[in-house]
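Survey of secondary and tertiary structure
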Amino acid sequence: MKLKGSKKEAQLICLLHGSGGSGKSAVINLVQACTRSYCESIGHPYTSRTIVVSAMLGVAVTLLHGETTHSLVGLNRSGITKEEQDMWVDTRLLIIDEVSFALKKDFEKLHEHIGLLMKDTYKIYGGLNIVFAGDYSQLEPVKQEPIYESYVPEFHGRLNCFIELDGMHRFKDDVEWGERLSQFREGEPTLDDIDVINENCLVDGEPLPVGIQIASYRNRERDAINS
């Protein structure tokens with residue numbers, strides 16, 4: 001992407017925001033499909049590294065067929081290897097899902113490590129195009145302060161694109177259920193909404209229906225169930 005009247009490339013730093021079921025995953029899949037088609041049309045190779053997809057949560061990684069952001073960018077490590085730098089040579093876009101779980105220190109480390117991976121520590125995120133996807137009306141980071149409680153230069157000061165998805169595509173066959181979940185998301189559930197939720201809770205000893213969603217206490221258990 002280039003700025004009009006200039007040879008300087010414009011870097012995209014986007015927040016793709018929306019409730020569960022609004023179509024964020026569909027958008028991510030479409031971006032990958034369109035990029036693959038475009039690369040084929042101009043004879044440019046499209047690889048698994050052209051668009052790198054990651055997520056802050058393991059369960060989202062399972063659904064997106066990506067990698068955890070912590071593992072991908074080395075958020076829990078102090079440095080980056082030459083082999084890792086070589087893997088990012090052809091990367092044009094990084095997508096980070098479930099960004100509402102990212103902490104201030106995560107954005108600071110993202111900026112530092114992506115700059116090392118892209119071999120350009122002078123530009124924000126090494127000059128790489130980034131899409132942060134998620135929903136800041138959902139769960140907050142565990143025992144940590146969400147980033148909207150304070151200013152984070154690497155996030156608030158650098159976003160140049162904001163997209164809000166307001167659809168309920170996941171609930172097109174059950175609009176009523178989608179509207180009830182929306183009430184909870186907005187923090188305004190009615191007593192009727194709460195009663196409906198409680199009516200659908202299972203009692204210990206009852207057999208699990210086929211295809212039911214299962215809640216688990218630990219991430220590793222949830223990842224095992226999804227896998």
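Note that this is a predicted model, so its numbers are computed, not measured.

Right, let's talk about the overall build of the chain for a bit. Check the secondary structure of the chain and you find 8 helices and 6 strands. Helices and strands appear in the chain in the N-to-C order β-α-β-α-β-α-α-β-α-β-β-α-α-α. Along the first, second and third principal axes, the C-alpha set of the chain runs to 60 × 40 × 35 Å. Buried residues in the chain amount to 36% of all 227 residues. A separation of at least 24 residues holds for 66% of the contacts in the chain among residues at least 6 apart in sequence. With an accessible surface of roughly 14,400 Å², the chain has 52% of that area assigned to carbon and sulfur atoms.

Counting 28 residues, the largest nonpolar core has L94, F107, L110, I114, Y125, F132 and F155 as the members making the most contacts within it. If you list the elements that add at least two residues to this core, you get β1 (13–18), α3 (69–73), β4 (93–97), α5 (104–117) and β5 (129–134). When residues of this core are assigned to their parent elements, the largest contribution, 4 residues, is made by α5. Excluding residues that lie within four positions of it along the chain, I114 makes contacts with V73, L94, Y125, G126, L128 and I130. Within the second largest apolar cluster, 10 residues are counted, among which are C14, L16, V131 and L165.

What follows deals with the packing of aromatic side chains. Two descriptors summarise a pair of aromatic rings, namely the distance from one centre to the other and the angle between the planes of the rings. Within the structure shown, the criterion is met by 6 aromatic pairs. Look at F107 and F132: their rings are 5.5 Å apart centre to centre, the planes differ by 70 degrees, and that puts the pair in the edge-to-face class. With F107 in helix α5 and F132 in strand β5, this residue pair connects regions lying 25 residues apart in the sequence. Assigned by exposure class, F107 and F132 land together as buried. With a centroid separation of 6.0 Å and an interplanar angle of 80 degrees, the aromatic rings of Y136 and Y148 are classed as edge-to-face. With Y136 in the loop between β5 and β6 (161–165) and Y148 in the loop between β5 and β6, this pair connects stretches of sequence that are 12 residues apart. When its relative accessible area of 17% is taken as the criterion, Y136 is described as buried. On the basis of relative accessibility, which here comes to 41%, the residue Y148 falls in the partly exposed class. Among the aromatic residues, those joined into a ring-pair cluster are F107, Y125, F132, Y136, Y148 and F155. R49 extends its terminal NZ or CZ atom over the ring of W88, reaching a point 5.2 Å from the ring centre.

The next subject is a nonpolar patch on the surface. Among the surface-exposed residues, F184, L191 and I194 lie close enough to one another that they form a single nonpolar patch of about 290 Å² accessible area. Mapped onto the secondary structure, L191 falls in helix α7 (residues 191–199).

Tallying each qualifying case throughout the model produces 1 cavity of 30 Å³ or more. Its volume calculated, the largest cavity comes out at about 30 Å³. If you go around the largest cavity, the residues you meet are S100, D135, Y136, Q138, L139, E140, P141, P146 and Y148. Considering only residue class, the lining of the largest cavity consists of 5 nonpolar, 2 polar and 2 charged.

Let us look at the pairing of β1. Summarising burial for β1: 6 of the 6 residues are buried, a large majority. Both faces of β1 are covered, namely the face carrying I13, L15 and H17 and the face carrying C14, L16 and G18. The pairing of β1 with β5 spans 5 bridges and is parallel. The partner of L16 across the bridge, within β5, is A133. Alignment of β1 against β6, held across 5 bridges, turns out to be parallel. Bridged to L16 within β6 is I163.

Read across the open sheet, the 6 strands follow the order β3-β2-β4-β5-β1-β6; overall the sheet is parallel. Looking at strand neighbours, the two that pair on one side only are β3 (67–68) and β6, the edges of this open sheet. Note that β4 and β5 share 4 bridges and pair parallel. Along β5, the bridge assignment pairs L93 with N129.

What counts and what doesn't
Residues numbered from 1 in each chain as written. Predicted model: local features only at pLDDT ≥ 70, side-chain atom pairs only at ≥ 80, totals over all residues. Heavy atoms only, no water. Helix = DSSP H or I, 4+ residues; strand = E, 2+ residues; numbered from the N terminus. Buried < 20%, exposed > 50% of the residue type's maximum accessible area, 1.4 Å probe, protein only. Contact = heavy atoms within 4.5 Å. Areas by Shrake-Rupley, 256 points an atom, 1.4 Å probe, with all protein chains shown as cover. Core = buried A, V, L, I, M, F, W, Y, C linked by side-chain atoms within 4.5 Å. Phe/Tyr/Trp six-rings, centres within 6.5 Å; stacked < 30°, edge-to-face > 60°. Lys NZ or Arg CZ within 6 Å of the ring centre and 35° of its normal. Patch = residues over 30% accessible without salt bridge, like charges linked within 9 Å, V, L, I, M, F, W, Y side chains within 5 Å. Salt bridge = Lys/Arg side-chain N within 4 Å of Asp/Glu carboxyl O. 1 Å grid on protein atoms, 1.4 Å probe; cavity = no way out; pocket = protein on both sides within 12 Å on 5 of 7 lines; lining within 4 Å. Points joined across faces, edges and corners; volume = space filled by probe spheres on them. Nonpolar A, V, L, I, M, F, W, Y, C, P; charged D, E, K, R; others polar. Pairing = 2+ DSSP bridges.

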